Amino acid sequence: DESILRALLAQCERVPFWVDFARCDRGGAAFLRSGLAGGLILGSYSLTAGYLSPAGNKPLAFSGRLTEQAPRRLAETGRFVQQVSLPGGMRPRAEGWRITVRVRLMHASVRRMLLRSPRWDGAAWGVPINQADSAGTILLFSLVVLDGLDLLGLHMPPGDREDLLHLWRWVAAVIGVDDELRFATEAEARTFWELLTSTQGDPDDDSRALARALLESPVTAAKTPDDRRRAERMRDVGYALSRYFLGDRYADALDYPRSRAVHALPLLRGFNRRAGRMWKVLPGLPYGTPEEGARYWRFVVEQGLRGHPAAFAMPSVLSREPGTTPPE
């Protein structure tokens, strides 16, 4: 219905009084400076942490878009984060804002299909893509990124941390998260994250299938024997990083392989911390510039999309039963 769509767009264009676009730009620049480190954190920590919840992962499991189209969906996620983080990206009608509205419509479409499906177990899983899960997803791209940088010894300064959270607070408003679940400070965000993680169930078969599809995606996308060998090394690094970020409890629950490389990561953290103290006399953060980060994300997205547009296509059907592996 055109009138409903117009009302939605009008709501998304309404900028609350607390939004400071200069802060949004600073927060985006702070993320872009993380470059490769930010990309590794999103892939090995943020997204895998999101799959741990057995109820929260069900919409993605039903849609099948990760287990069946992992490289493309990951490239679209990268495009989303890239455009949100670029200067002016979240101003109304800018590209990051447009993608955020598109994601909100995708969520609404999936929610409607699931609520109509006899396969959806509302008693066990609640409302699909509900407010708590949506707010938690926002934290995957903000608070969890900050925690990942801390674990790598690349601590983001307090002002930049708050600016990054401010950017994603505005993204949360556009994507439809209720007022009381939009976090104004890191302390508020951390309180909710601890509540969310302490009340979710243990990882299930869908958690394992989604994490495996994500971390195996470089191998899935490989086209030549040389590509495959490089991809297998990337996969092994991904598993080691994810185990380091999530901890052994969750890594074992996700059936991750054991890796001796994990033991080197605390050493890397210590080195980065010491180097960071030496680099404080230099402008910017110790791990790059916004321009370098923008180039990194442009390369990642272009490689992932392989010349195809990031369409963020609306799903039209549910893919499969949750907890099952799709056919090869």
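Look above for the structure.
For clarity, every value in this text was computed on a predicted model and none was experimentally measured.

S.K.: Summarise the overall build of the protein chain; cite the residues concerned and give the values.
M.R.: Helix and strand counts for the protein chain stand at 17 helices and 0 strands. In terms of overall dimensions, the protein chain is globule-like: its C-alpha atoms have a radius of gyration of 19 Å, near the 20 Å expected for 328 residues. Summarising the internal contacts of the protein chain: among those between residues at least 6 apart in sequence, 77% fall at separations of at least 24. Approximately 16,100 Å² of the protein chain is accessible, and the part contributed by carbon and sulfur atoms is 55%. One finds the centroid of the 44 positive side-chain charges in the protein chain at a distance of 4 Å from the centroid of its 38 negative side-chain charges.

S.K.: Account for helix H9 (residues 143-151), naming residues and giving values.
M.R.: Among the 9 residues of H9, 9 are classified as buried, and the element is accordingly described as predominantly covered. Within H9, burial applies to Leu143, Val144, Val145, Leu146, Asp147, Gly148, Leu149, Asp150 and Leu151. Once H9 ends, the next one or two residues include Gly153, with phi positive near 80°.

S.K.: Provide a residue-level description of the packing of helix H2 (residues 21-33) against helix H17 (residues 290-305), including the pertinent values.
M.R.: Interaxial distance between H2 and H17 falls to 7 Å at its minimum, and their mutual angle equals 70°. Taken together, H2 and H17 sit at an angle that is classed as roughly perpendicular. The handedness of the crossing between H2 and H17 comes out as left-handed. When H2 is examined against H17, the residues Ala29, Phe31, Leu32 and Arg33 are found in contact with a partner set consisting of Pro290, Gly293, Ala294 and Trp297. Taken together, the residues of the contact of H2 with H17 break down into 6 nonpolar, 1 polar and 1 charged.

S.K.: Break down helix H14 (residues 225-246) for me, citing the residues and quoting the values.
M.R.: With 22 residues, H14 extends 31 Å between its outermost C-alpha atoms, agreeing within 8% with the 32 Å of an ideal straight helix rising 1.5 Å per residue. Positive phi shows up at Gly247, right after H14, with a value of about 90°.

S.K.: Lay out the packing of aromatic side chains with the relevant residues and their values.
M.R.: Enumeration over the complete set of coordinates arrives at 13 aromatic pairs. Judged by centre distance (5.3 Å) and plane angle (75°), the ring pair of Tyr239 and Tyr256 falls under edge-to-face. Taken together, the residues Tyr239 in helix H14 and Tyr256 in the loop between helix H15 (248-253) and helix H16 (265-278) connect sequence positions 17 residues apart. Since its relative accessible area comes to 9%, Tyr239 is described here as buried. For Tyr256, a relative accessible area of 6% translates into the label buried.

S.K.: With reference to specific residues and values, describe the state of the cysteines.
M.R.: Evaluation of the coordinates by the stated rule reveals 0 disulfides. Of the cysteine sulfurs around Cys12, a residue in no disulfide, the closest is that of Cys24, at 15 Å. By relative accessible area, Cys12 is classed as buried at 2%. For Cys24, a relative accessible area of 4% translates into the label buried.

S.K.: Mind laying out the pattern of salt bridges, listing which residues take part and the relevant values?
M.R.: Enumeration over the complete set of coordinates arrives at 25 salt bridges. As a salt-bridge pair, Asp163 and Arg26 come within 3.0 Å of each other at their nearest N and O atoms. With Asp163 in helix H10 (residues 158-175) and Arg26 in helix H2, this residue pair connects regions lying 137 residues apart in the sequence. Classification of Asp163 as buried rests on a relative accessible area of 6%. Overall, Arg26 belongs to the partly exposed group, its relative accessible area being 41%. One salt bridge in this structure joins Arg243 and Asp252, with 3.0 Å as the shortest N-O distance. It is possible to trace a salt-bridge network through shared partners that takes in Asp147, Asp150, Arg161, Glu186 and Arg190.

The rules behind the values
- Residues numbered from 1 in each chain as written.
- Predicted model: local features only at pLDDT ≥ 70, side-chain atom pairs only at ≥ 80, totals over all residues.
- Heavy atoms only, no water.
- Helix = DSSP H or I, 4+ residues; strand = E, 2+ residues; numbered from the N terminus.
- Rg over C-alpha atoms; globule rule 2.2 N^0.38 Å.
- Contact = heavy atoms within 4.5 Å.
- Areas by Shrake-Rupley, 256 points an atom, 1.4 Å probe, with all protein chains shown as cover.
- Lys, Arg positive; Asp, Glu negative; His and termini not counted.
- Charge placed at Lys NZ, Arg CZ, Asp CG, Glu CD.
- Buried < 20%, exposed > 50% of the residue type's maximum accessible area, 1.4 Å probe, protein only.
- Axes fitted to C-alpha atoms, helices over the stretch in contact; angles between N-to-C directions.
- Parallel < 35°, antiparallel > 145°, perpendicular 65-115°, else oblique.
- Left-handed = near helix turned anticlockwise from the far one by under 90°.
- Nonpolar A, V, L, I, M, F, W, Y, C, P; charged D, E, K, R; others polar.
- Expected span 1.5 Å × (residues − 1).
- Phe/Tyr/Trp six-rings, centres within 6.5 Å; stacked < 30°, edge-to-face > 60°.
- Disulfide = S-S within 2.5 Å.
- Salt bridge = Lys/Arg side-chain N within 4 Å of Asp/Glu carboxyl O.

Everything listed here is a matter of coordinates, which is why it stays silent on function.
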